[in-house]
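Summary of the model geometry
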Amino acid sequence: MYARSGLLSQRSCSSHGRECATPVLAAQRRNNSTATKIAVEFDQSTGVAVMRLQGPPVNSLSLDFLTELCINVEKLEMDKNCRGLILTSSQPKVFSAGLDIMEIYGKSPERCGEFWRAVQEMWLKLYGSSMVTIAAINGSSPAGGCLMSMTCDYRIMADNPRYSIGLNETQLGIVAPFW
Ligand SMILES: CCCCC/C=C\C/C=C\CC/C=C/CC(=O)SCCNC(=O)CCNC(=O)[C@H](O)C(C)(C)COP(=O)(O)OP(=O)(O)OC[C@H]1O[C@@H](n2cnc3c(N)ncnc32)[C@H](O)[C@@H]1OP(=O)(O)O
């Protein structure tokens, strides 16, 4: 969902100051899901968009979820009126549970490769965004959820001892790549 005045969908990439990157086309090609896991509200008067993660139950980062996220970030990126992006969750108690472990369990190497590329695309798109990005972490945010918020320029987390954030996969001896 991309709730705004509708201008964006009618504009070509070249009518904007920002470059239209090809990854969004790749992401659009593989986005076969009809369910909406990302809701975007763009306030024209402030130039700030709020992106709500709404993939029940815990916003786990499946291929569909990552694809939809990337498409929406890219759309906002191409809109020269959008200067800021707030990323938050619609799910109670959870910002994001991280990578959807069912996407990597028992899957072919090709499918795992496709999924891993989508993970990279997600953090590169957020980390490299020319918008000011803020993660409003209103729930637990382990592992990939932590990664997603780390790629934003700023993080604000709800003050609740029940919510945790961090790279918990290190407890299993799995560490993030060194690059
Ligand atoms: C700045 C540049 C940096 C560049 C670095 C580049 C790359 C870095 C590379 C890697 C770093 C990132 C690595 C990521 C690895 C992962 O993300 S692996 C996934 C790890 N996630 C977890 O371990 C989370 C486990 N879940 C929880 O802790 C809890 O579920 C929760 C999120 C805290 C929520 O708790 P709550 O009690 O509310 O709910 P439930 O536990 O009952 O869960 C409900 C439901 O959801 C299912 N579920 C939970 N987590 C996941 C998940 N990750 N994937 C899929 N499904 C999940 C759970 O099984 C329940 O299902 P149900 O039983 O069918 O109801």
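Per chain, residue numbering runs from 1 following the sequence as it is written. Totals for whole chains, interfaces and linings use every residue, but because this is a predicted model, local features are given only for residues with pLDDT of at least 70 and side-chain atom pairs only at 80 or more, for both listing and counting. To get the side-chain values, take all heavy atoms of the structure and skip hydrogens and water.

Stated precisely, the cut-off is as follows: UniProt positions are given in the numbering used here, feature names are shortened, and annotations may be inferred rather than shown by experiment.
Under an unreviewed UniProt entry, the name given to the chain is Enoyl-CoA delta isomerase 1, mitochondrial, and the source organism is Liparis tanakae. Recorded under Pathway (unreviewed entry), the UniProt text for the chain is reproduced unchanged: "Lipid metabolism; fatty acid beta-oxidation." On record in UniProt, under Function (unreviewed entry), the comment for the chain is "Key enzyme of fatty acid beta-oxidation. Able to isomerize both 3-cis (3Z) and 3-trans (3E) double bonds into the 2-trans (2E) form in a range of enoyl-CoA species, with a preference for (3Z)-enoyl-CoAs over (3E)-enoyl-CoAs. The catalytic efficiency of this enzyme is not affected by the fatty acyl chain length."

**Some words on the overall build of the chain**
Where we set the bar: Each helix corresponds to a stretch of at least 4 residues labelled H or I by DSSP, and each strand to a stretch of at least 2 residues labelled E; elements are numbered beginning at the N terminus. In this analysis, two residues are considered to be in contact whenever any of their non-hydrogen atoms come within 4.5 Å of each other. Only the protein chains shown count as cover for residues, and the accessible areas themselves come from Shrake-Rupley with a 1.4 Å probe.
Per the secondary structure count, the chain includes five helices and eight strands. Walking the chain from its N terminus toward its C terminus, one meets helices and strands in the order β-α-α-β-β-α-β-α-β-β-α-β-β. Long-range contacts, defined here as pairs at least 24 residues apart, represent 72% of the contacts in the chain between residues at least 6 apart. Element-wise, carbon and sulfur atoms account for 58% of the exposed surface of the chain, whose accessible area totals about 9600 Å².

**Topic: the side chain of Thr 133**
Tracing the sequence through the fold places Thr 133 in strand β5 (residues 132-137). Those residues in contact with Thr 133, other than ones at most four positions away along the chain, are Leu 85, Leu 126, Thr 151, Cys 152, Asp 153 and Tyr 154.

**Thoughts on the pattern of salt bridges**
Inclusion rule: Each salt bridge in this description consists of a side-chain nitrogen of Lys or Arg and a carboxyl oxygen of Asp or Glu lying within 4 Å of one another. Working definition: with a 1.4 Å probe on protein chains only, accessible area under 20% of the residue-type maximum means buried, over 50% means exposed, and in between means partly exposed.
This structure, assessed with the given rule, holds three salt bridges. Two residues, Glu 41 and Arg 52, come together in a salt bridge whose shortest N-O distance is 3.5 Å. Placement of Glu 41 in strand β2 (residues 38-43) and of Arg 52 in strand β3 (residues 48-53) is noted, with a sequence separation of 11 residues between them. The class for Glu 41 is partly exposed, based on a relative accessible area of 42%.

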